[in-house]
Amino acid sequence: TWSDEHEQAVTLLGNLLSHRFLSVGAANGFARWSSSRATEVLIQKFPSAPAAGQVAIISALSERAGRARSLLLAVQREAIPRSAISSNQLRQIQLLGDEATGKLIAAIWPERSSLLGQSQMQQIQSLRELLTPESIDAGDLTRGKELFQQQCGKCHRLFGAGEPLGPELTGAQRDNLNYWLQNIVEPSAKV
């Protein structure tokens, strides 16, 4: 149930969204909170947030289907500019697999309605079905490290290991399965 304490927390975090140094942390705090009130505040405070805070707000709004729908509706009514959402974030929203968000993307970005093709979406869905929390937990970390060194480490660095030809992976969204599946299935999409 919603309490005065919840409302105070939303107000405090909402005020921090416009703070130069604390906006990213505040947006990340909101990202972990699934209330519709938090979503409203993120959208409302977007214009007054510094650039880094705006990026964090878009990321927080892109993680769940309901929030992504609210984000896209805000873009549709021009409360948030289209340009604030990157192609990568649009693909992340597309990967949520929500039909309503797919329709909004097609309406707002008709030139990009097929960010990921049907075959890529099917491949991602197949991989998502294989990569259950149980199968991930049962993974062999030693073998995973070997595979990284053989395949990914030829171009990417992770915690100081690997080559610096491609993007550094240490700071990547390692806990976001959709992010990884998109980048593995369609590695050049972001380029």
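This structure is a prediction, so every number in the text was calculated from the model and none was measured.

Colleague: Could you give an account of the overall build of the chain, with specific residues and numbers?
Modeller: Counting its regular elements, the chain contains 11 helices and two strands. When its helices and strands are written in sequence order, the chain yields α-α-α-α-α-α-α-α-α-α-β-β-α. In terms of overall dimensions, the chain has C-alpha extents of about 50 × 35 × 35 Å along its principal axes. Evaluated residue by residue, the chain yields a buried proportion of 32% over its 191 residues. Considering only residue pairs separated by 6 or more positions, the chain has 57% of its internal contacts joining residues 24 or more positions apart. For the chain, the accessible surface area stands at approximately 11,400 Å², while carbon and sulfur atoms represent 54% of it. Side-chain charges in the chain split into 19 positive and 18 negative, and the spacing between the mean points of these groups amounts to 6 Å.

Colleague: Lay out the packing of helix 2 (residues 23-31) against helix 4 (residues 51-61) in plain terms, naming residues and giving numbers.
Modeller: Across the interface, helix 2 lies against helix 4 with an axial gap of 8 Å and an inter-helix angle of 10°. Taken together, the axes of helix 2 and helix 4 are roughly parallel relative to one another. From helix 2, Ser 23, Val 24, Ala 27 and Ala 31 reach across to helix 4, where they touch Ala 52, Gly 53, Ala 56, Ile 57 and Ala 60. Per-class residue counts for the contact of helix 2 with helix 4 are seven nonpolar, two polar and no charged.

Colleague: Mind laying out the packing of aromatic side chains, listing which residues take part and the relevant values?
Modeller: In this structure the tally under the stated criterion is one aromatic pair. Ring centres 6.5 Å apart and planes at 20° place the aromatic pair Phe 30 and Trp 33 in the stacked group. Exposure remark for Phe 30: the relative accessible area of 0% places this residue in the buried category.

Colleague: Outline unusual backbone geometry, supporting the account with residue identities and numerical values.
Modeller: Positive phi values are uncommon outside glycine, yet Glu 78 reaches one of about 65°. Relative to the assigned elements, Glu 78 resides in the loop between helix 5 (65-76) and helix 6 (87-95).

Colleague: Break down the pattern of salt bridges for me, with residues and values.
Modeller: Within this structure, the stated rule accounts for five salt bridges. Among the salt bridges present, the one from Arg 37 reaches Glu 7, with a minimum N-O distance of 3.0 Å. Separated by 30 residues along the polypeptide, Arg 37 in helix 3 (residues 36-45) and Glu 7 in helix 1 (residues 4-16) bring together distant segments of the chain. Note on Glu 7: relative accessible area 26%, which makes it partly exposed. Residue Arg 69 pairs with Asp 98 through a salt bridge whose shortest N-O separation is 3.0 Å. Within this pair, whereas Arg 69 is found in helix 5, its partner Asp 98 is found in the loop between helix 6 and helix 7 (99-108), the two being separated by 29 residues in sequence. Members of the salt-bridge network, linked through shared partners, are Glu 7, Arg 37 and Glu 40.

Colleague: Can you explain the side chain of Ser 62? Please cite residues and give values.
Modeller: Here Ser 62 is to be found in the loop between helix 4 and helix 5. For Ser 62, a relative accessible area of 7% translates into the label buried. When residues no more than four places from it in sequence are discounted, the contact partners of Ser 62 are Leu 71, Gln 89, Ile 93 and Leu 96.

Colleague: So what's going on with the state of the cysteines? Which residues, and what values?
Modeller: Following the criterion strictly, the structure yields zero disulfides and no others. Free cysteine Cys 152: the closest other cysteine sulfur is in Cys 155, separated by 9.0 Å.

Scoring rules and cut-offs
- Residues numbered from 1 in each chain as written.
- Predicted model: local features only at pLDDT ≥ 70, side-chain atom pairs only at ≥ 80, totals over all residues.
- Heavy atoms only, no water.
- Helix = DSSP H or I, 4+ residues; strand = E, 2+ residues; numbered from the N terminus.
- Buried < 20%, exposed > 50% of the residue type's maximum accessible area, 1.4 Å probe, protein only.
- Contact = heavy atoms within 4.5 Å.
- Areas by Shrake-Rupley, 256 points an atom, 1.4 Å probe, with all protein chains shown as cover.
- Lys, Arg positive; Asp, Glu negative; His and termini not counted.
- Charge placed at Lys NZ, Arg CZ, Asp CG, Glu CD.
- Axes fitted to C-alpha atoms, helices over the stretch in contact; angles between N-to-C directions.
- Parallel < 35°, antiparallel > 145°, perpendicular 65-115°, else oblique.
- Nonpolar A, V, L, I, M, F, W, Y, C, P; charged D, E, K, R; others polar.
- Phe/Tyr/Trp six-rings, centres within 6.5 Å; stacked < 30°, edge-to-face > 60°.
- Salt bridge = Lys/Arg side-chain N within 4 Å of Asp/Glu carboxyl O.
- Disulfide = S-S within 2.5 Å.

That's the geometry; what it means functionally is another story.
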